[in-house]
Amino acid sequence: MDDLTITMTGAEKEKTFDQTLSELPDSVKQLIPDNNLGYYKKTSEMHCDTKKPGGSKFTEIGNILEVLKKDAPKIDTGVEKRTDDREALLAVGASERAFLPATKTPGQPEGLPEALYFKVDGFKGKLGIIQLKDLDPNTKIIIRREKSVIDEKTGKEKVPCSFSVVKETVEDMPDVDFATVIIGREGGENGNNELWTIHPGAPIKSSEGDFIAGSETLSGPKEGEKQKVIIITAGELLKTEKMTENDYVKIINGKENDIIDQYEKI
C-alpha cells in the first residue's frame, strides 16, 4: 500500500478528516468542539504528512481521527468513568511527568487541568524523539532555546534549552506501532472534556535544561538573526551526569550540515 501521507493531496486529506469526523459516535464528536477544528486539522497534518518537518509521524493513515474512530467505545466509557490507559503507557516508556491527574485529589491546585490518556494499538508511526542509548557517542547534539519567554522579575529566559539530533529522513526515526489519545479539561467547575491531541507513541517528555556551560546565555529565535546554539556530542552530554542513556532528545529532519549551518555556533 502506498503511504497515504505522501500520495494524498491537501484537499483529499481535509475531505477524509471531515468524513472520519462525521462517522464518529455523537458522544465522541462532543469531544471535538467546532471552534478547535482548525487546530485539530493542523495537528493532523503535522502528524500524518511525512514531508512536513517536526513531530512524530503516522505512516499509514490520512488523518488523526482514524485513531479516535477505532477505539471510540473505550474512550467514551473512559471519559464517563474517568479511567484511562496510563499504566499501559508507562509500561511502554511514557514519562511519569507527562501525566496530569484523571481526577484532582484534595490538596492539588484548584486550577490544575485534568486529562485522560488512551493507548490505541495498530497504528504504525515514527517517533520524533530518541533515547541517548540509541545514539552513537559521537552523534552531534544541538542545544538551543526554541522560544523566548522572559521572566519579568529576573529578566532571564523562562523556557529551558532543548537537545536535538539530526536524522536525514523520517525512515531514520524510531518505529512505533500504537497511538496516544489525550482528552483533557481545564480546571474549575466549567471545564469541558475535549480532545487535546492524538500522536504516535507514548506521551514522553524530551529532556530540557540550561546545565551546559554557556547555554544559560542562549536566546530564542529572532527574526532576521542567526540563532546561537551550542553543539556537543551525545557522549559529552552523558558525561555531564545530568542525563542518562534512557533520557530522550528531539529529532530534527534534514541533512546535518544544512541544519547546523542555519545556526551560529558558540
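This text follows the structure it describes.
About the criteria used
Residues numbered from 1 in each chain as written. Predicted model: local features only at pLDDT ≥ 70, side-chain atom pairs only at ≥ 80, totals over all residues. Heavy atoms only, no water. Helix = DSSP H or I, 4+ residues; strand = E, 2+ residues; numbered from the N terminus. Rg over C-alpha atoms; globule rule 2.2 N^0.38 Å. Buried < 20%, exposed > 50% of the residue type's maximum accessible area, 1.4 Å probe, protein only. Areas by Shrake-Rupley, 256 points an atom, 1.4 Å probe, with all protein chains shown as cover. Lys, Arg positive; Asp, Glu negative; His and termini not counted. Charge placed at Lys NZ, Arg CZ, Asp CG, Glu CD. Expected span 1.5 Å × (residues − 1). Arc of directions from axis to C-beta. Salt bridge = Lys/Arg side-chain N within 4 Å of Asp/Glu carboxyl O. 1 Å grid on protein atoms, 1.4 Å probe; cavity = no way out; pocket = protein on both sides within 12 Å on 5 of 7 lines; lining within 4 Å. Points joined across faces, edges and corners; volume = space filled by probe spheres on them. Nonpolar A, V, L, I, M, F, W, Y, C, P; charged D, E, K, R; others polar.

Asker: Quick one: what's the story with the overall build of the protein chain, residue by residue and with numbers?
Answerer: In terms of regular secondary structure, the protein chain is built from nine helices and ten strands. Here the protein chain has a C-alpha radius of gyration of 20 Å; the compact-globule value for 266 residues is 18 Å, and the two agree. Taken along the three principal axes of its C-alpha coordinates, the protein chain extends 55 × 50 × 40 Å. For the protein chain, buried positions account for 45% of its 266 residues. For the protein chain, the computed accessible surface area is about 14500 Å², with 47% contributed by carbon and sulfur atoms. Within the protein chain, the 49 negative side-chain charges are centred at a point lying 2 Å from the centre of the 38 positive side-chain charges.

Asker: Run through helix 4 (residues 37-48), naming residues and quoting values.
Answerer: Compared with the 16 Å implied by 1.5 Å per residue over twelve residues, the 16 Å span of helix 4 between its first and last C-alpha is a close match. Within helix 4 the residues assigned to the buried category are Tyr40, Thr43, Ser44, His47 and Cys48. The buried residues of helix 4 occupy an angular sector of 110° when the element is viewed end-on, so they sit on one face.

Asker: Lay out the pattern of salt bridges in plain terms, naming residues and giving numbers.
Answerer: A full pass over the atoms with the stated rule returns 14 salt bridges. Ionic pairing is found between Lys74 and Asp85, a salt bridge with its closest N-O pair at 2.7 Å. In this pair, Lys74 sits in helix 6 (residues 72-81) while Asp85 sits in the loop between helix 6 and helix 7 (86-91), placing the two residues eleven residues apart along the sequence. When the shortest N-O distance is used, the salt bridge between Glu168 and Lys255 registers 2.7 Å. Taken together, the residues span a long stretch of sequence, with Glu168 in the loop between strand 5 (162-167) and strand 6 (175-185) and Lys255 in the loop between strand 9 (248-253) and helix 9 (256-260) at a distance of 87 residues.

Asker: Tell me about the layout of surface pockets, and name the residues and values.
Answerer: Gaps left between atoms show up when a probe the size of a water molecule is rolled over them. One number sums up the size of the largest pocket: a volume of about 850 Å³. Lining the largest pocket are 28 residues, with Ile129, Ile204, Lys205, Ser206 and Lys250 positioned closest to its centre. Among the elements of the structure, helix 4, strand 7 (194-200) and strand 9 are those that each provide at least two residues to the lining of the largest pocket. Here the lining of the largest pocket is composed, by residue class, of 13 nonpolar, nine polar and six charged.

Purely geometric numbers; function is a separate question.
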